[in-house]
Structures are given as structure tokens and as C-alpha cells.
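# Descriptive structure summary
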Amino acid sequence: MRIPVDPSDWLILIPEFILLGTAIAILMIDAFAKAASDRSSPWISLAGTAGAIVAAVFLWGNPLSGFGGMIVNDDFGVLVSTAILTGTALAVLISVDYVRREELPAGEYYALILLSTIGMLLMVSSANLIMIFLSLEVLSIALYVLTGFARMRPRSQEAGMKYFLLGSFSAAILVYGVALIYGATGTVDLQSIADELISPGVLGNPVLLAGAGLVLVGLGFKVAAVPFQMWTPDVYEGAPSTVAAFMSIGSKAAAFAALVRVLIFAMGGLRPEWLAAVWVIAALTMTVGNLVAIAQDNIKRMLAYSSIAHAGYILVAVAAANRLGLQSIPFYLIAYAFMNLGAWAVVTAVTRKGEEAVGLSDYSGLFWSHPVLAGSMGLFMFALAGIPPTAGFTAKIYVFMAAVAADMIGLLIIAIVTTIISAYFYLRVTVIMFMERPAEPPVVTVPTPLAVAIAVAAAGTIWLFLFPGVTQSFTDTVARLL
Amino acid sequence: MPPVTWYLYVSAALFCIGLFGMMTRRNAIALLMSIELMLNAANINLVAFSGYLTEHTLVGQVFALFVITIAAAEAAVGLAIVINVYRTVQHINADEINIMKW
Amino acid sequence: MLVQYLPFLVLFIVAVAFAGGAMVLSRLLGPKRPSATKLEPYESGMVPIGGTRGRFPIRFYLVALLFILFDIEIIFLYPWAVIFLEAGAARVFLFFEILVFLGVITVGYVYIWRKGALDWE
């Protein structure tokens, strides 16, 4: 047996190694110079994330595969990685003052964020079921800790415990499914699985179908699809706002990339079998997410249900499984990174120490004391509802077009109807901020890094609407410059 | 050697015991143990398939090593989280820890 | 074939019979003169204090957790060692790869040491 050993394989993992080096540097500074670490960690992690973005884009345009085909870096992966790294950079920016205000240990916080990001990036480029499981655990274990990171706050403790129990439960289901797929096809390599599926003997194998179903359940937990969404609202409510912001982008994007690779790239031949399941899950996710969001009066829970609903729209593109669908998924994720992190950034600004002031009533009349902040929140709510002129509108149009191209009219109608319903609770936030005029409008402080994050998110939200091709041409340009 | 289905029965039984534990147990540590059972059920599958399907590679066995390692890391983080909860509420009954509605 | 396992079965039966037989015989034949000292769990060791169901300080769990983590990481050295033997010219590269792996573990070790997780007091 020859083992393929090729030092050039390591080039594919440069973004991950930059993040790993940054995380180690932060940990060591924290261990040997605590005071310096509290001041410098956010900026070091921001620099590391920026380096990783540059390195990721460097891989654009020339698909590489390495480590015996376990890791691939194709254009789909680069775009999703960009979405994740954008989310990480913005999450670090909104954390700067939050971590100080809540008196969280800074070094560990930023190191865990970066380690979790490594897991997400690895998951995006996994071309092997072992890698998918490992990277899922790397990103999840760091997130379990981050969710319970406000150690003295009971809600954070409870959220950490619930997320840990349900998260590792879903991971156990996933790995059992992976074991069954391995038994049915004799391989864990996604490309080889696709090759195996050509033979009819493998296609009808009940062991394979059971395995595929269990993997779908495991990844469904991670993307927060109904009926595997029950952890989402509690975790988003209890976790520190910045952590909720970070994981609503990163873990969702990574899990969707893995879902696309498993369902479409590896098991495309099995689409007649899984289409019905994904169809039902997508329809349920959009409906339940948007309907339950209406009943929420806690903004963090509302955003949690909103994140469930958005998973439903992306699942429509997964179900379509055509070229348009594959293009719309990375675009949707990048657009979602901007608009959702923007919304969470405003939430972080409005909350006070100890995660107080998270009710919708705390936004009453925000426009009259902070017009720019309220205006940005209004923009993000428009984007999440899918109203022009925002990236959310473009992203939804792409998904709808993919559904049309795949002849899924039923799912398309559900998607459009739920989008209209969702406008109600997104616009309600805007109405509360602009129309209500209490005697004392809320007064909040917006530190500079947070303001920068909101500005970047708002700019990105409009920019992607004006130039929807920009994600591709941007990566093209940067790749040419390098 | 016994046929591979025997191993599959054992692992399926183990997986179902874990699943049943997840549904019925209240104690967070018992839930953690149920998860470990499910992971080990997958391990049995992986090693059994590795022995029967592919004679010249050790993919399944190496995968099982990774699962074992991950399970240890998960247990460590999980116990730390549970201990932290215990310090506040003095018990670890998962269904009584519900300030937030599920 | 199950026949291959026959020696194991024989060994198992002999071992159980020998150990069980020795205990039964000594019970039947041996003289019994119990005294307070002899009935202690450890006849010539420390005198036990307190109940066995008492609680342990949380530190024991912390040390146990850390031990398990570092212990189980070493499992990966075995597959690496097997590949290293067959790798030929790639050995130098493989050597540095495992150094990176061990380096990351060392970082974790240095971190818990500096954070005082290893201090008993």
C-alpha cells in the first residue's frame, strides 16, 4: 500500500493554518500576559481573519484537491468560506466592546471563535465523510463552550447545556448514518460514493437509504431545519448575543456546504429518493419558522426563528439541485452573513450588561434617539424580509428562479406565501422603532468597532443588491491581483 | 467468522438503547452516557464493515479511532458544562432546567 | 471458524475453575478466627475514615478530564507510526507533520499549566 504524501497538500489548508496560528498566538499571549491579551486579542483575531480571507480567495479559480482527495477547494467552497469568514470578521468587531462589558475572558473567547471558524472552513472543503464528521465536531465543540460562555448567567448555562446535549445527539445520529453509508458503498470518499451509486444494486440498498436519512437528520440539526430546530430559539436567547450572531452565520453556512456536497455531489443519483424528504423539510421549515416568529416578543428569539425560516429558503435551493440552485446557495449565504450580522450587531448595541433589554418594547422609538442606528436596523429587517433594495431580495429571487427551473411550483408557492407572512414581523420591528414615540426613547451607546460593523453590514447588504455578480467578480479580481 | 449482520444487530440494539435513553432519562450525565452508547454503536458498525468490505484498507478502523477521540473531547466539554450548571441550581435534571421554554 | 477459539474457551474454563476452586477450598478447609482488626477492608493499610458514598472535590474530575484528553490524543501516534515505516523518502515530511500535531497538543498543555489547572491548591 502506497500512502500519498505530498507537501503541496498543505497549500490548500493555508486559510485554516493562518487561523490556527492566530488562535495559538492568542492563547499563548493570554497564558503569559493576561493584561496585554485583553487589549490585543480582538485585533489579532481580526488580522488573522483578514489574512484567512485573502488566502481563501487566493484559492479561487483553480480547484485543488489534496490529502488523498479528503480536502477539495473548488469555487463553491471558496464562496461559502468567504461568507463564513465575513461572518467571523463582523462577529469579532461586534465582540470588542461586548466582551469587555460582560467581563468575559477575552483570550479564550477569541481563540474559541477562531477554532470554531477552522472547523467551519474544513467542513466547507470536506470531500470525505470522515472529514465532515471531524470538522462538524471541531466547530460544534467550540460553539458549545461559547454558548455557555457567560458562566455566571443561568440562561447562558442552560443554553450551553441544551446545545451540547442536542448537538452531540445529532452528531451521534450523523456518525451512525455515515457508518451505514460506508457499509453500503464500501467507501467514505464522496466522489467514490457518487461512482458507486451508478450500479443499481447499490441504489436500492436499504442500508444506504437508512444511512442517507440519518445523515440528513444530523445535518438538519445543524442548519436548524424543522423538525430538528427545537434547540435554536433557546440557544440563541441564552447565548451571548455576539456568539448567537457568529453561529447563525458560520455553523449554518458550513452545514449547508456539507449538505450540498453529500446530497448533490455524492448522492445526486439518489435524488428521486431524498427529494420528497428535503421537500417536506423545506416546506415545514419555512412555514413553522415564519409563523412562530410572529408570536415572539424577544428580539433574540425572533431572530432565531428568522434564522430557521432562512434555512428553509436555502433548502429550497438544495432541493432544486440544479445549476441555479448551486449558484444561489453561496450568494444567499453571503447576503445572509451581511444582513443577519447587521441585525445582531444592532441587538448587541441595544442590550445592556447581563443581556438585558432584549424585548421588542426596548426598541420603541429608537429612531428618535438614534436615527442612524434605527435606520440600519430598518434596512436589515427589510433585507431579512426580502424587500428591495437589499441583498435579501436578490437572494430570494435567485432561490425562486432555481425552484422554477427545477419545476417545483408547489414549493415555490409556499416560499412566496411565507415570505409575505414574514414581512409582518420584520416590519413590526421597524414600526416600533419609527412610529412609536415614547416620552423617553431608549438611549444606547454605540462603540466605534460596533458602528464599523454595522456600516460594513449595511454597505454589503445594499452593495450585493446593486451588483449581485460582485461576489464572483470580486473574488476574480483579487485572485488576479495575487 | 460470523456473518456481518450479527454485528449490525448488536450495533443497532446498542444504538436503540442509546436513543431510548435520550428520550427517557432526565439526568444530564445519563443523557451523556446515552450519546456515548450511540457513538459506540457507530464504532461497531465501522469496524465490522471495515473487516468485511474492504480487505486492504483500514478506513473504518481509523474512522473509529477518530470517533473515540471526538467522544472523549465531547465528554470533557459536556461534563464541564454540566458541572457549571450544577453550581448554580444544585441539580442536573435536564427537564427541570428550563428558565427558557423549549 | 469458531473452532479456532477452542483453546481460549479451555483456558477460560481452567482459569475460572482454578480461581473459584481455590476460594471454595480455603473457605471449606481453612480455620476461621475473626477479630476486629482482621475484618477491616485493608488489614494492614490506612484505617478508612468516612462513608464510601461521600463526595470528591471537583478537582479530581478536572484532573481526570485533562488526563483523558491528553491520553487519547496519543492514539493517533499509532497509525502515524505504521505509515512512517512504509513512507520511504517522505519520512522527513511526515516527521515534521507529527511535530506540528504534537506542537498543538503542547500548546494546550502549556495553556492549562499557565492557567493553574494543574495546581492542587
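A few points on the structure. Model, not experiment: these values are computed from the prediction.

## Quick look at the overall build of chain A
- In terms of helices and strands, chain A carries 20 helices and 2 strands.
- In terms of its C-alpha atoms, chain A occupies a principal-axis envelope of roughly 70 × 55 × 45 Å.
- Among the 482 residues that make up chain A, the fraction classed as buried is 62%.
- The contacts in chain A between residues at least 6 apart in sequence include a share of 81% that link residues at least 24 apart.

## Quick word on the interface of chain C and chain A
- Counting residues at the interface gives 11 residues for chain C and 8 residues for chain A.
- For the side of chain C that touches chain A, the elements supplying multiple residues, two or more each, are α3 (77–86) and α4 (91–114) of chain C.
- Looking at which element gives the most residues to the side of chain C that touches chain A, the answer is α4 of chain C, with 6 residues.
- Per-class residue counts for the side of chain C that touches chain A are 8 nonpolar, no polar and 3 charged.

## Some remarks on the packing of helix α6 (residues 154–185) of chain A against helix α3 (residues 59–89) of chain B
- It is at 9 Å that the axes of α6 of chain A and α3 of chain B come closest, and there the two elements cross at 165 degrees. Our classification of the angle between α6 of chain A and α3 of chain B gives roughly antiparallel. The chirality of how α6 of chain A crosses α3 of chain B is left-handed. Listed contacts from α3 of chain B to Pro154, Gln157, Glu158, Gly160, Met161, Phe164, Ser168, Val175 and Tyr182 of chain A of α6 of chain A are Gly60, Val67, Glu74, Val77, Gly78, Ile81, Val82, Asn84, Val85 and Thr88 of chain B.
- Partitioning the contact of α6 of chain A with α3 of chain B into residue classes produces 10 nonpolar, 7 polar and 2 charged.

## Looking at the interface of chain B and chain A
- Taken together, the contacts link 35 residues of chain B with 32 residues of chain A.
- When residues of the side of chain B that touches chain A are traced back to their parent elements, those giving at least two are α1 (4–24), α2 (28–52) and α3 of chain B.
- When residues of the side of chain B that touches chain A are assigned to their parent elements, the largest contribution, 15 residues, is made by α3 of chain B.
- Looking at the side of chain B that touches chain A, its residues break down into 27 nonpolar, 7 polar and 1 charged.

## Re the nonpolar core
- Membership of the largest hydrophobic core comes to 226 residues, with the highest contact counts inside it found for Val175, Tyr176, Val316 and Tyr332 of chain A.
- Aside from chain neighbours lying at most four places away, what touches Tyr176 of chain A is Leu214 of chain A together with Phe15, Met38, Ala41 and Ala42 of chain B.

What counts and what doesn't
Residues numbered from 1 in each chain as written. Chains lettered and ligands numbered in written order. Predicted model: local features only at pLDDT ≥ 70, side-chain atom pairs only at ≥ 80, totals over all residues. Helix = DSSP H or I, 4+ residues; strand = E, 2+ residues; numbered from the N terminus. Buried ≥ 20, exposed ≤ 12 C-beta atoms within 10 Å, placed from the backbone. Contact = placed C-beta atoms within 7 Å. Nonpolar A, V, L, I, M, F, W, Y, C, P; charged D, E, K, R; others polar. Axes fitted to C-alpha atoms, helices over the stretch in contact; angles between N-to-C directions. Parallel < 35°, antiparallel > 145°, perpendicular 65-115°, else oblique. Left-handed = near helix turned anticlockwise from the far one by under 90°. Core = buried A, V, L, I, M, F, W, Y, C linked by C-beta atoms within 7 Å.

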